[in-house]
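Okay, here's what each chain looks like letter by letter:
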Amino acid sequence: LVRMARAGGREQVPKILAELQAALKVASDNDLDEAIAQVENALGITDWERRQPAAALPHFENALARFESLDDLPNIARMHNAIGRTLRSLGSNEPARLQLMAGLAAAREAEEPLVEGHALAVLGDIELDCNNLAQAEVHYRDSLAIRKMIGDRRREGWMNPALADVALRRGAGAEPYLAKA
């Protein structure tokens, strides 16, 4: 359903939301914590994709609570990242940073380098928002190294423009990074 929300366009959203709400009711009625967590996450993603981060946030928080009750460390890391990214989009950088640091720790413990790389990238974005250029660069470089290590070419391409932005803000040339983007 989440893939449908991403690919199907706005006309599919009411149907997708209705199906997700129905799935949440069935999962809740049957005390299926894993299913509740997954559906809450899907609802959060759907709201995020609709550019409604304030609506997405409680779904991500509910999913996190369920995944924590299940000791599902990889999904705990993902939910901390989703909450951190969402809080950043709402202008709450300090709470976002805390969530992302928790996500980073959980991703490292769960040995989830893709999730670790994502947490580092968004931490870099927060540092850039705060004009902490040196720390932004550290996070982006660490994220880039992880992306290269795991062969994530698509997201590796995201880090080079971020590093170029840091270089430009420092008054340095961005060409080395832009040539790789």
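Please read all numbers here as calculations on a predicted model, not as lab measurements.

Student: Outline the overall build of the chain, supporting the account with residue identities and numerical values.
Tutor: Counting secondary structure elements, the chain contains ten helices and zero strands. Counting from the amino terminus, helix and strand elements in the chain follow one another as α-α-α-α-α-α-α-α-α-α. By the compact-globule yardstick of 16 Å for 181 residues, the chain fits well, its C-alpha radius of gyration being 18 Å. For the chain, the spread of C-alpha atoms along the three principal axes comes to 55 × 35 × 30 Å. For the chain, the residues scored as buried account for 44% of the 181 residues in total. For the chain, contacts bridging at least 24 residues in sequence account for 47% of all contacts bridging at least 6. Distance from the positive charge centre (22 side chains) to the negative charge centre (27 side chains) of the chain: 7 Å.

Student: A description of unusual backbone geometry should follow, citing residues and the corresponding values.
Tutor: Excluding glycine, a negative phi dihedral is what most residues carry, and trans is how most peptide bonds are arranged. With phi around 55°, Asp 71 is a residue other than glycine that occupies positive phi space. Phi is positive for Glu 111, close to 55°, though the residue is something other than glycine. Note on placement: Glu 111 falls in the loop between helix H6 (93-110) and helix H7 (113-129). Looking at Glu 111, the relative accessible area reads 68%, which means it is exposed.

Student: Break down the nonpolar core for me, with residues and values.
Tutor: Ranked by internal contacts, the top residues of the largest apolar core, which has 26 residues, are Phe 60, Phe 67, Met 79 and Ile 83. Breaking this core down by element, the ones donating at least two residues are helix H3 (33-49), helix H4 (53-69), helix H5 (73-89), H6 and H7. Setting aside its immediate chain neighbours within four residues, Phe 60 contacts Asn 41, Gly 44, Ile 45, Met 79, Ala 82, Ile 83, Arg 85 and Thr 86.

Student: Could you give me a rundown of the environment of Glu 34, with the residues and numbers involved?
Tutor: Following the sequence through the fold, Glu 34 ends up in helix H3. Assessed through its relative accessible area of 39%, Glu 34 is described here as partly exposed. Spatially, the C-alpha atom of Glu 34 lies 22 Å from that of Glu 49, the residues being 15 residues apart in sequence. The residues contacting Glu 34, other than those within four sequence positions of it, are Phe 67, Leu 70 and Asp 72.

About the criteria used
- Residues numbered from 1 in each chain as written.
- Predicted model: local features only at pLDDT ≥ 70, side-chain atom pairs only at ≥ 80, totals over all residues.
- Heavy atoms only, no water.
- Helix = DSSP H or I, 4+ residues; strand = E, 2+ residues; numbered from the N terminus.
- Rg over C-alpha atoms; globule rule 2.2 N^0.38 Å.
- Buried < 20%, exposed > 50% of the residue type's maximum accessible area, 1.4 Å probe, protein only.
- Contact = heavy atoms within 4.5 Å.
- Lys, Arg positive; Asp, Glu negative; His and termini not counted.
- Charge placed at Lys NZ, Arg CZ, Asp CG, Glu CD.
- Core = buried A, V, L, I, M, F, W, Y, C linked by side-chain atoms within 4.5 Å.

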